[in-house]
Each structure stands twice: as C-alpha cells, then as structure tokens.
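The lines below spell out each chain.
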Amino acid sequence: MCQMNDNDKWLVVVQKAEPVLNYFSNMIDKWIKDLGLPGEIEADRRKSFKNEKEAKKEIKKWPGSKMKDLSRDIMNTEKKIHDLENSMLQGSPSSSIWAEIIRSRNDLWNLYRIEESIWHQNSRAKWVQHGDKNSKYFHLCASARKRTNSIRCLEINGENTTDPAKIKCHVRDFFKEAFGEKHSLPVEDLNLNFARLSDMQNSLLEKEFSEEEVWEAINSADSNKAPGPDGLNMGFFKKFWANLKESVMEFFSDFFEGKSWDHGINHAFITLIPKKQNPTSLDDFRPISMVGGLYKILSKVLARRLKLCMNSLIGPSQFAFSPGRQILDCVFIANEGIDHWRKKGLQGVVFKVDFRKAYDSVDWSILVQIMDKMGFGDRWKLWIYVA
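Our subject in this report is the structure included herewith. A quick note: this is a predicted structure, and the numbers were derived from the prediction, not measured.

Okay, the packing of aromatic side chains next. Taken as a whole and judged by the stated rule, the model has 16 aromatic pairs. On the numbers, 6.0 Å between centres and 90 degrees between planes, the contact of F236 with F237 is edge-to-face. With respect to burial, F236 and F237 carry one shared label: buried.

Right, dumping it as structure tokens:
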C-alpha cells in the first residue's frame, strides 16, 4: 500500500470506492445525528466551518481504523477463499461453504477496488475514470509523480542547496514577498475610459444567494480536485449536500450581510508544479493555491456571476484569459503589423511588456478604484476585498 497522508486516504475512498461509500455515508449520517446537542451548543454546532472541522476530525479516525491494514485484509481474504475451495474439492460440496466462498469473493473484490482507487488517486490519471484494474500503470504513474514533484535541490543565491531547512526557509520568504500586498505610487484619479456596468448588471451581481445557485456551482466543479487545509473536496459536498446545505447557506447568508467569518476560511495550501524538467529555482515552479471547500464554493459562485458581465467589461483588444479568445491571436496581429511595415517601407518600434507575476501582485487601492470606475457597487467591492 502506498504512503499517503490522512486526508488523501479518506478522500480517495469517498470519490472512487463505491463498496465503501455506503458504509462511509452511513457513518457520516450517524455522526451528524449524534450532534443533537441541546441549547446554545447545538446552535453553535450549526456553524458551517465548525461543522467542517468537526467532520474532519471524525473522518480522519476512519482511514486509520478501516484502511490501515488493507494489504493484510486482502491477503487474509485470498487465503480464506483458497482454503474454502480446497475444502470443497477434498470433501462433499456444501451449500453453506459455497455461500461463504461467494461472500468472501465479494469482500475481496471490494478490497481490490479500494486499493485500486488509492493508486488511481496517487497516479492522478484523469483520462481513466472507470474501468481498468489495479495495474502496474497506476503504480508507475504514482511513483513518477512523486519523483517529479519532489524538491531535492534548489538554487539559492547562485548556489545549489540540498539542505531541507534552508530550502523551506527560502520557499517561505520567496512567496511571502511574492504574494504580499504591493503598494505602488499613489494615484488620485484614473483618467481613463473604462467600460461600465449597468444598474441591472449590478443588481444581478449583488443579489442574495440562492440554494440553487450554490448547488450549481458545486455540481459544476471537479469532484476529484485536491483539497485545501480543511481536507474536504467538492466530491464531499456533492455526496453530503443534503446534510450540509443548511449550514453552507447560512455561511452565504452571513457573507451577504457582511458578517465576519471564522478564522481559517480563506486559508490555502500552496503547491508548486514544475514548469519544466529538472527545475533549479523557484521561478521554474508554478504556484497553485489549494483553498478550503467553503471558500472554493464562494469563489465559484462569485466567478459565475461575474462571468455573465465579462463581455461588457473586456475590450476587443484583450485576447488572453477570455473564453473564445486566444493569446496566439496577438502574435498573428503583431506579425501582420510588422509585415505591413516591411511592404510599405515604414519604420516602427515593437514594445514587449513582461507581465510575469502580474497576478501575484495586488495593490488593493488601485483595484478598488478600477472597480469603482467600472461601475461596480459598494457591496460587490466589499465582497472582493474581503474574499
């Protein structure tokens, strides 16, 4: 059995192992019913983020007791089947022994599927969602992925370093500076013509959140994406939506009214994805933030609302990061422009601007001013600033 952290084990089973899923669901349902505490304690338990933390504690106990000895259970079940089949061959056939063989084979099949789901998750083979048995392919993918994502050596101040303590310190300082708020020169007024939202568009952006809207955002998300600090992926929210929707909608209601949320809601893990083979510095890695479940749902709901207004805000010269447009169009336009100069005998200057790490640097004062110029309402601007 592969080495995994606690979160990986139970998240994998929730997503892929159907035989265990029913047991897991019953366990969660029982735990939720057991939360019937009186008075103020029950009201406090209904807070969504606290529910999540309590659920995480309970679920983390489950893989330790049910998944720890998976390989041993498989071996014992295989031996049991072998012994039962030998007894059938050596003695007279018995209906009770045959029934026991069938039950044991079903148990073994369930154990195989659990083991396969764990290796499938480790391999991250997205093109295989169903079928294919627990083959060597998954094992090789998992091992290769682990080797690729490991940082054993890093160039720090021009020198290669293999000391884990120095590497951790360098990574922390690097991203603390990169993701920190940047303060540019003060700008009193932006004398630029921005596209503006209409009153109707603003009302759509700032309307109250509905259960249907939240569920559509959850249902459209990938169930098997890596979770954030809370350890809960979208598959968890989909499976237990009937139990969680009341507390999730309470969270959205508090956010709509501008109430402060619990500490840790917008915390995230930063994972580094190599941009090339054999990366040597942190510039060779792409940072990806893995946020918690509630925060991811909130960001998706806000993004889906904003998407409806994007065509009114994005100019025709913006090609990157917009559906239906490609950044390669800019290359074609630049090529046609230079070709036109050559044919006409004209002179010109090509000015290339590097937007490297542009999305990592945020000056909130400038961003709020731009949203104000574009006609965003006060409630929406507050939501974006808080979130």
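Further remarks concern the side chain of N233. Here N233 shows up in the loop between α10 (211–219) and α11 (234–239). Under the relative-accessibility criterion, N233 is labelled buried at 3%. Among the polar contacts listed, one links the side chain of N233 to the backbone oxygen of S223, at a separation of 2.9 Å.

Right, let's get into the side chain of D284. Tracing the backbone through its elements, the reader meets D284 in the loop between β3 (268–274) and β4 (285–291). Not counting the four nearest positions on each side in its chain, D284 is found in contact with I273, P274, K275, K276 and P279.

Below, the discussion takes up the pattern of salt bridges. With the rule as written, the count across this model stands at 14 salt bridges. The residue E100 makes a salt bridge to R103 at a minimum N-O spacing of 2.5 Å. Taken together, the residues E100 and R103, both in helix α6 (residues 95–123) and 3 residues apart, mark about one turn of the helix. For the salt bridge of E213 with R305, the shortest nitrogen-to-oxygen distance reads 2.6 Å. A residue pair is termed long-range when its members are at least 10 positions apart, and E213 in helix α10 and R305 in helix α13 (residues 293–307) qualify at 92 residues. In this pair, the class of E213 matches that of R305, namely buried. Overlapping salt bridges, with partners in common, bring together K80, E100 and R103 in one network.

This part is about the nonpolar core. Membership of the largest hydrophobic core comes to 35 residues, with the highest contact counts inside it found for F209, V214, F237, V248, F252, I297 and F376. With 8 residues, helix α12 (residues 241–256) is the largest single contributor of residues to this core. Within the second largest apolar cluster, 7 residues are counted, among which are L154, I167, F175 and L282.

Turning next to the packing of helix α16 (residues 364–373) against helix α17 (residues 378–386). Two elements in contact, α16 and α17, have axes whose closest approach is 10 Å; the angle formed by their N-to-C orientations is 155 degrees. With respect to their mutual orientation, α16 and α17 come out roughly antiparallel. Between α16 and α17 the crossing geometry is right-handed. Of α17, the residues touching α16 (which contributes W364, V368, M371 and D372) are W380, K381, I384 and Y385. Residue classes in the contact of α16 with α17 are distributed as 6 nonpolar, no polar and 2 charged.

Moving on, we come to α12. The set of residues buried in α12 consists of W241, L244, S247, V248, M249, F251, F252, D254, F255 and F256. Positioned one or two residues after α12, G258 has a phi angle of 85 degrees, which is positive.

Running from amino to carboxyl end, α10 crosses α12 at an angle of 115 degrees, the nearest separation of the two axes being 11 Å. Here α10 is positioned roughly perpendicular relative to α12, judged by the angle of their axes. With respect to the hand of their crossing, α10 and α12 are arranged in right-handed fashion. Every residue of α12 that contacts α10 at E211, V214, W215 and I218 is listed here: W241, K245, V248, M249 and F252. Looking at the contact of α10 with α12 residue by residue, the classes come out as 7 nonpolar, no polar and 2 charged.

Moving on, we come to a nonpolar patch on the surface. Residues I327, L328, V331 and F332 make up a contiguous nonpolar surface patch of about 420 Å² in total accessible area. Relative to the helices and strands, L328 is located in helix α15 (residues 328–344). Overall, the relative accessible area of 47% leaves L328 in the partly exposed class.

Each value, and the rule that gives it
Residues numbered from 1 in each chain as written. Predicted model: local features only at pLDDT ≥ 70, side-chain atom pairs only at ≥ 80, totals over all residues. Heavy atoms only, no water. Phe/Tyr/Trp six-rings, centres within 6.5 Å; stacked < 30°, edge-to-face > 60°. Buried < 20%, exposed > 50% of the residue type's maximum accessible area, 1.4 Å probe, protein only. Helix = DSSP H or I, 4+ residues; strand = E, 2+ residues; numbered from the N terminus. Polar contact = N/O pair within 3.5 Å; in protein donor to acceptor, adjacent residues only side chain to side chain. Contact = heavy atoms within 4.5 Å. Salt bridge = Lys/Arg side-chain N within 4 Å of Asp/Glu carboxyl O. Core = buried A, V, L, I, M, F, W, Y, C linked by side-chain atoms within 4.5 Å. Axes fitted to C-alpha atoms, helices over the stretch in contact; angles between N-to-C directions. Parallel < 35°, antiparallel > 145°, perpendicular 65-115°, else oblique. Left-handed = near helix turned anticlockwise from the far one by under 90°. Nonpolar A, V, L, I, M, F, W, Y, C, P; charged D, E, K, R; others polar. Patch = residues over 30% accessible without salt bridge, like charges linked within 9 Å, V, L, I, M, F, W, Y side chains within 5 Å. Areas by Shrake-Rupley, 256 points an atom, 1.4 Å probe, with all protein chains shown as cover.

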